[in-house]
Amino acid sequence: MPALRALIFDVDGTLAETERDGHRVAFNRAFAALGLPWQWDAASYGALLRVAGGYERLLSFLAGQSDAPPIAAEREALARAIHQRKNAEFRALVAQGGIAPRPGVRRLIDECAGQGVLLAVATTTGRANLDTLFPHLFGADWPQRFAALVCAEDAPRKKPDPQVYQIAIARLGIAAPAAIAIEDSPAGLAAARAADIACLITRSVYFADADFSGAAAVVDDLDAAPSWPCASPRVDVDALRTLHALRAGWTRRVDPCGSE
């Protein structure tokens with residue numbers, strides 16, 4: 001088993017509660033701006049998260065609406081228009097300071113830079129959303145912090161497909177067992193495990209009660225006490241190295257989350 005060399009982060013729900021506080025609000029603003037009758041409350045948007053990817057989520061939603069265009073091509077065009085406006089609204093929300101990093105995120109990323117652990121992102125969101133969000137979370141020098149960024153444009157097959165993680169590992173130039181993925185959703189867990197990467201879950205608002213069988217460990221957030229035996233009082237680099245060593249016998253197996 002190689003030593004821990006990299007952490008690979010999901011974005012939405014993992015680095016920040018962007019789904020509830022960012023994307024959902026931005027979608028609602030886009031609906032209103034385009035004169036559309038829909039609004040997503042926090043609970044209904046949580047149910048929609050079974051579909052990965054904002055554009056794909058819109059298409060799934062529109063397919064079930066009697067007041068949406070009946071022709072598939074027209075629904076696709078409407079989804080593109082909504083998604084484009086939603087991205088503009090998301091940028092405005094971030095600029096207003098409406099989204100903060102989850103507990104421990106900045107600290108752990110700073111620690112990795114100081115201890116030689118590579119950082120990567122593996123997300124189904126678009127690169128434009130990273131360009132909008134990351135300067136506010138991590139500062140203007142954020143591109144220098146990450147050795148690999150894999151976004152929706154790079155990996156069209158959405159989680160739980162492992163494509164996004166497979167590309168991240170290839171770009172990092174490391175073996176999958178040398179990384180830990182940090183995720184918040186069952187689909188993300190399934191994607192990481194299908195790529196032979198052990199996964200630490202930090203429970204987000206929308207997946208607080210989800211089944212994470214097969215995760216290397218589960219914590220509420222990165223400032224919480226680790227759920228595995230270690231000397232660290234919170235999830236830091238030393239705690240993750242301990243978890244990685246404890247998982248040295250981890251091998252891929254079919255994950256019950258993978259069918260979602």
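About the cut-offs
Within each chain, residues carry numbers counting from 1 in the order of the written sequence. Local features in this predicted model are restricted to residues whose pLDDT is 70 or higher, and side-chain atom pairs enter the listing and the counts only when it is 80 or higher, whereas totals over whole chains, interfaces and linings include all residues. The side-chain figures draw on all heavy atoms in the structure; neither hydrogens nor water molecules are used. The term salt bridge refers to a pairing of a side-chain nitrogen on Lys or Arg with a carboxyl oxygen on Asp or Glu at a separation within 4 Å. Helix and strand definitions here come from DSSP, where helices need a minimum of 4 consecutive H or I residues and strands a minimum of 2 consecutive E residues; each element is numbered from the N-terminal end. Summary of the burial criterion: residues with accessible area below 20% of their type's maximum are buried, those above 50% are exposed, and those between are partly exposed, where the area comes from a 1.4 Å probe applied to protein chains only. Residues grouped as a nonpolar core are buried Ala, Val, Leu, Ile, Met, Phe, Trp, Tyr and Cys residues, joined through side-chain atoms within 4.5 Å. Whether two strands pair comes down to DSSP finding at least two bridges between them. Paired rings are identified among Phe, Tyr and Trp, the last through its six-membered ring, by centres lying within 6.5 Å, and are further divided according to the angle between planes into stacked (under 30 degrees), edge-to-face (over 60) and tilted (the rest). To sit over a ring, a charge needs its Lys NZ or Arg CZ within 6 Å of the ring centre and within 35 degrees of the ring normal.

Considering the pattern of salt bridges
Under the defined criterion, the tally for this structure stands at 14 salt bridges. A salt bridge links Glu111 to Arg107; the shortest N-O distance between them is 3.2 Å. Highlighted residues: Glu111 and Arg107, both in helix H5 (residues 105-115), separated by four residues, approximately one helical turn. Look at Arg107 and you get buried, because its relative accessible area is 16%. Ionic pairing is found between Arg171 and Asp154, a salt bridge with its closest N-O pair at 3.3 Å. Remark: Asp154 occurs in the loop between strand S3 (148-150) and helix H7 (163-172) and Arg171 occurs in helix H7; sequence separation between them is 17 residues. Here Arg171 falls in the partly exposed class, since its relative accessible area comes to 44%.

What to know about the nonpolar core
Grouped together as the largest cluster of nonpolar side chains are 45 residues, with contacts concentrated most on Ile8, Trp38, Trp40, Ile82, Tyr165 and Ile197. Here this core takes six residues from H7, the largest share from any one element. Leu15, Val121, Leu137 and Leu222 belong to the second largest nonpolar core, which has 41 residues in total.

Observations concerning the pairing of strand S4 (residues 179-183)
With five of its five residues buried, S4 lies for the most part within the structure. Residues Ala179, Ala181 and Glu183 line one face of S4 and the alternating positions Ile180 and Ile182 line the opposite face, and both faces are buried. One ladder, built from four bridges, connects strand S1 (residues 6-9) with S4; its direction is parallel. The residue of S4 that forms the bridge with Phe9 is Ile182. By the bridge criterion, four bridges tie S4 to strand S5 (residues 198-202) in an arrangement that is parallel.

A short note on the pairing of S1
Along any regular strand the residues' side chains alternate between the sheet's two faces. On S1, burial covers both faces: Ala6 and Ile8 on one face and Leu7 and Phe9 on the other are all buried. Pairing between S1 and strand S2 (residues 118-122): four bridges, direction parallel. Bridge assignment links Ala6 to a residue of S2, and that residue is Leu118.

Observations concerning the packing of aromatic side chains
As enumerated under the stated definition, the model contains 14 aromatic pairs in all. Both rings, one in Phe31 and one in Trp40, keep their centres 5.0 Å apart while their planes meet at 85°; by these two values the pair is edge-to-face. As far as the burial class goes, Phe31 and Trp40 line up, both buried. Measuring from ring centre to ring centre gives 5.2 Å for Phe134 and Phe138, while their planes differ by 85°; the resulting arrangement is edge-to-face. With Phe134 and Phe138 both in helix H6 (residues 127-138), this residue pair falls four residues apart, about one helical turn. You'll find Phe134 and Phe138 in the same group, each marked buried. By the ring-pair criterion, three or more aromatic residues cluster together here, those being Phe27, Phe31, Trp38, Trp40, Tyr45, Phe61 and Tyr206. Above the plane of the ring of Phe90 lies Lys86, whose end atom (NZ or CZ) is 5.6 Å from the centre.

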